[in-house]
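So you can see what is in the structure, the chains are spelled out below.
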Amino acid sequence: MEPKYQRILIKLSGEALAGEKGVGIDIPIVQSIAKEIAEVHASGVQIALVIGGGNLWRGEPAAEAGMDRVQADYTGMLGTVMNALVMADSLQHFGVDTRVQTAIPMQNVAESYIRGRALRHLEKGRIVVFGAGIGSPYFSTDTTAALRAAEIEADAILMAKNGVDGVYNADPKKDANAVKFDELTHGEVIKRGLKIMDATASTLSMDNDIDLVVFNMNEPGNIKRVVFGEHIGTTVSNKAID
């Protein structure tokens, strides 16, 4: 069976690396995620990753508490680099050649982001983990995921959620009548104001015709199911899925 997507970008929240703790990094949890990603990689799919930093730092609350917003955001970017390095180490543990590229140069730690070099890594079968956001404040890691996916010409963004199995018209934890969407268009997401990604990220995905699949990452094997075309979670595209 051939994969539906040949090149993907997986977007993980920082909290996904924290496990039940909610903060910090839980190495066994990171290793379990890395193992699943390595299994998908073994099928020949080219993979890039963007990981948030919310398990280590959240810029907006810090800014609301009185910290300069720009400094708060730069601090958060450094948190994403920490997560990227830990994930890269775990992927290497499973025999996957991995490179970390950062939008803020830090040559002793990782490569600087260069699109051509990232593409070359992917073509050579390496996983690339993008850290430090896009290198500028005021932009989320959702926007980073959409931008990098467009730059590397990814077929899809896989948005792996903690305990959430798709997109709903209301918060299913608060509203028992919340309805899950199997399919949506990017336009519908923006029009309805559904908070899957921020508006900039949604627009980037729509303009570059990149599929977005939102699914529950806590179910083992779900990344592989999505890659091989099984209809789980919610698929967002520019047109209805056949």
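Since this is a predicted model, take the numbers as computed values, not measurements.

Observations regarding the pattern of salt bridges
Evaluated as defined, the whole model comprises eight salt bridges. Among the ionic pairs, Asp142 bridges to Lys11, the shortest N-O distance being 3.5 Å. Of this pair, Asp142 sits in helix 5 (residues 141–151) while Lys11 sits in strand 1 (residues 7–12), and the two are 131 residues apart along the sequence. Looking at Lys11, the relative accessible area reads 8%, which means it is buried. Between Arg126 and Asp97 there is a salt bridge, and its shortest N-O distance comes to 3.1 Å. In this pair, Arg126 is assigned in the loop between helix 4 (115–123) and strand 5 (127–131) and Asp97 in the loop between helix 3 (69–93) and strand 3 (98–102), connecting sequence segments 29 residues apart.

What to know about the packing of helix 1 (residues 27–41) against helix 3
Relative to each other, helix 1 and helix 3 sit at 60°, their axes nearing to 8 Å. In this view, helix 1 runs oblique relative to helix 3, as classed from their interaxial angle. The element helix 1 and its partner helix 3 pack so that their crossing is right-handed. Residues Ile27, Val30, Gln31, Ile33, Ala34, Ile37 and Ala38 of helix 1 touch helix 3, and the partners they reach there are Val86, Met87, Ser90 and Leu91. Class assignment for the residues of the contact of helix 1 with helix 3 results in nine nonpolar, two polar and no charged.

Describing the packing of helix 5 against helix 7 (residues 199–207)
At their nearest, the axes of helix 5 and helix 7 sit 8 Å apart, and the two run at 15° to each other. Considering the angle they form, helix 5 stands roughly parallel to helix 7. Note on packing geometry: the crossing formed by helix 5 with helix 7 is left-handed. Contact residues: helix 5 offers Asp142, Thr143, Ala146 and Leu147, while helix 7 offers Thr200, Ala201, Leu204 and Ser205.

With respect to unusual backbone geometry
Of note in this structure, Tyr138 is not a glycine but carries a positive phi near 75°. Although it is not a glycine, Asp209 adopts a positive phi angle of roughly 55°.

Details of the pairing of strand 2 (residues 46–51)
The side chains of a regular strand alternate, residue by residue, between the two faces of the sheet. For strand 2, the buried fraction is high: six of the six residues fall into the buried class. Side-chain alternation along strand 2 places Gln46, Ala48 and Val50 on one buried face and Ile47, Leu49 and Ile51 on a second face that is also buried. Bridge count for strand 1 against strand 2 is six bridges, and the pairing is parallel. Looking across to strand 2, one finds that Arg7 is bridged to Gln46. As for the winding sense of the linkage, the β-α-β connection from strand 1 through helix 1 to strand 2 is right-handed. Two elements, strand 2 and strand 5, share three bridges in a ladder whose sense is parallel. Opposite Ala48, over in strand 5, you have Val128 as the bridge partner.

A short note on the UniProt feature "binding site: ATP" (unreviewed entry) in the protein
Summarizing the sequence annotation, UniProt attributes the feature "binding site: ATP" (unreviewed entry) to Lys11, Leu12, Ser13, Gly14, Gly54, Arg58, Asn162, Tyr168 and Asp171 in the numbering used throughout. The greatest C-alpha distance among the annotated residues, which extend across 161 residues, is 25.0 Å, indicating that they are dispersed rather than converging on a single site. Along the chain, Gly14 falls in the loop between strand 1 and helix 1. Gly14 gets classed as buried once you look at its relative accessible area, which sits at 1%. The topology assignment puts Asp171 in the loop between strand 7 (167–168) and strand 8 (180–181). Of note is the side chain of Asp171, whose polar atom sits 2.9 Å from the backbone nitrogen of Lys173.

Calculation criteria
Residues numbered from 1 in each chain as written. Predicted model: local features only at pLDDT ≥ 70, side-chain atom pairs only at ≥ 80, totals over all residues. Heavy atoms only, no water. Salt bridge = Lys/Arg side-chain N within 4 Å of Asp/Glu carboxyl O. Helix = DSSP H or I, 4+ residues; strand = E, 2+ residues; numbered from the N terminus. Buried < 20%, exposed > 50% of the residue type's maximum accessible area, 1.4 Å probe, protein only. Axes fitted to C-alpha atoms, helices over the stretch in contact; angles between N-to-C directions. Parallel < 35°, antiparallel > 145°, perpendicular 65-115°, else oblique. Left-handed = near helix turned anticlockwise from the far one by under 90°. Contact = heavy atoms within 4.5 Å. Nonpolar A, V, L, I, M, F, W, Y, C, P; charged D, E, K, R; others polar. Pairing = 2+ DSSP bridges. Right-handed = clockwise from strand over helix to strand, strands pointing away. UniProt positions renumbered as here; feature names shortened; annotations may be inferred. Polar contact = N/O pair within 3.5 Å; in protein donor to acceptor, adjacent residues only side chain to side chain.

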